[in-house]
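Each chain, letter by letter, is given below.
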Amino acid sequence: MNRNELARIAHAMVAKGRGLLAADESTGTIKKRFDKIKVEGTEENRRAYRELLFTTPGMADFISGVILYDETLRQSTKSGERFADLLTRLGVIPGIKVDGGTKPMPNFPGEVITEGLDGLPARLAEYHKLGARFAKWRAVIDIGDGIPTRTCIETNADLLARYAALCQEAEIVPIVEPEVLMDGGHSLARCEEVTEQVLTTVFDRLHAQRVYLEGIVLKPNMVISGQKATNRASPAEVAEATLRCLKRHVPAAVPGIAFLSGGQNEQEATLHLDLMNRAGSLPWLLSFSYGRALQQSALATWGGAAASVASAQAEFLKRARLNSLAAGGRYESALEKQAA
Ligand code: 13P
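Bear in mind that the values here come from a model prediction, so they are computed numbers and not experimental data. (Residues numbered from 1 in each chain as written. Predicted model: local features only at pLDDT ≥ 70, side-chain atom pairs only at ≥ 80, totals over all residues. Heavy atoms only, no water.)

1. Here's the deal with the packing of aromatic side chains
Thinking step 1. Summed over the entire model, instances satisfying the criterion amount to 6 aromatic pairs.
Thinking step 2. Plain terms: the ring middles of F34 and W302 are 5.8 Å apart, the flat faces sit at 55° to each other, and that makes the pair tilted. With F34 in helix α2 (residues 27-36) and W302 in helix α11 (residues 292-302), this pair connects stretches of sequence that are 268 residues apart.
Thinking step 3. Ring plane angle 35° and centroid distance 5.8 Å describe the contact between F288 and Y290, whose orientation is recorded as tilted.
Thinking step 4. Exposure remark for F288: the relative accessible area of 0% places this residue in the buried category.
Thinking step 5. Following the ring pairs from residue to residue traces out a cluster consisting of F34, Y49 and W302. (Phe/Tyr/Trp six-rings, centres within 6.5 Å; stacked < 30°, edge-to-face > 60°. Helix = DSSP H or I, 4+ residues; strand = E, 2+ residues; numbered from the N terminus. Buried < 20%, exposed > 50% of the residue type's maximum accessible area, 1.4 Å probe, protein only.)

What follows is the structure, encoded as structure tokens:
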């Protein structure tokens, strides 16, 4: 394992006000997004949409890396350049989702486990050859009556740590993503309590597997009220609780934290990140690894029409630019009014 190389890549993923685009929606998930804009979920439509994102002029100023799905890593632009080569040429690091999605956990109703460790070393070796320099594995923790259980948290943390160790062995930086969902009606305090349990357990297991912390990127949820909560906490409260939780549980050796958006709308996700980056000096870089919060407007504007590609790219670039400002604590809500 080349530790210097892992640390260099991990740092580049979150450095200089740049962040990650999560474009690793599985075939099923992207179909759901396409259904909303009445676009058929064909391989060619998925390819065309990803080409729209990756060829957005100026994107590389704000986006340090892109998380791809297996199919996308093997696809090319219309003119025949492999997406991984295009991104690398632009100075954007290609990454790859390697988990196999979640499955119901036997004996634990309402809880899920992430699959995908079987055969992972061989897949990582192939992904490295195809140009991927970082990977992602998402563990999902839901909050509800009597859940999450300790067993669910511990089992998911063990899997994340095993995955991270295998990635580093293959000289691929692992994004460690334990997502506490914001579905449901829970309070911010309950989210903080669960996120604390999850992060302590995850770092305990990363230590147990001797994972090199300087060579990972953490991708957590923010500490936030559930979507259906009455009296949802304010942006200032979200920023304060999230920072408190991260400071208590994320070692300073971790170079960067890149949040998921998890169902926040585009402006909320940007504002929360900005408020945290205004809070003074922090032990790690705080950036974004957004899927929906970078793509929602772009997808709606595109709607599958070739004639709308340029305006969809402008929407994507606007979100990338505003999130880049937020990663430096320099975002203003008034900027939302500017045309894309
Ligand atoms: P969202 O930002 O849409 O939550 O997606 C990020 C991601 O990669 C989830 O795994």
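Here the narrative resumes, following the displayed structure.
2. Considerations on unusual backbone geometry
Thinking step 1. Cis peptide bonds are those with omega within 30 degrees of zero, and the linkage from I147 to P148 qualifies with 10°.
Thinking step 2. One non-glycine residue with positive phi stands out, namely N107, at about 75°.
Thinking step 3. Within the element layout of this structure, N107 appears in the loop between β4 (102-104) and β5 (112-114).
Thinking step 4. A relative accessible area of 72% means that N107 is categorised as exposed.
Thinking step 5. Non-glycine residue E171 carries a positive phi angle of around 60°.

3. Quick notes on the nonpolar core
Thinking step 1. The biggest cluster of nonpolar side chains holds 98 residues, and the ones touching the most others in it are F54, I63, Y163, L206 and L286.
Thinking step 2. Of all the elements, helix α7 (residues 150-169) adds the most residues to this core, at 10 residues.
Thinking step 3. Setting aside anything within four residues of it in sequence, one finds I63 in contact with R18, G19, L21, V92, F288, L294, F316 and A320.
Thinking step 4. I9, V14, A22 and I93 belong to the second largest nonpolar core, which has 15 residues in total. (Core = buried A, V, L, I, M, F, W, Y, C linked by side-chain atoms within 4.5 Å. Contact = heavy atoms within 4.5 Å.)

4. Some remarks on the pattern of salt bridges
Thinking step 1. Taken as a whole, this structure holds 28 salt bridges when the rule is applied.
Thinking step 2. Note that R205 is salt-bridged to D158, the shortest N-O span being 3.0 Å. Of this pair, R205 sits in helix α8 (residues 188-208) while D158 sits in helix α7, placing them 47 residues apart in sequence.
Thinking step 3. Salt-bridge contacts for R244 lead to E192; the nearest nitrogen and oxygen are separated by 2.8 Å. Taken together, the positions of R244 in helix α9 (residues 235-249) and E192 in helix α8 put the pair 52 residues apart, joining distant regions of the chain.
Thinking step 4. Residue class for E192 comes out buried when judged on its relative accessible area of 9%.
Thinking step 5. Residues participating in the shared-partner salt-bridge network are D24, K97, K136, R138, E177 and E179. (Salt bridge = Lys/Arg side-chain N within 4 Å of Asp/Glu carboxyl O.)

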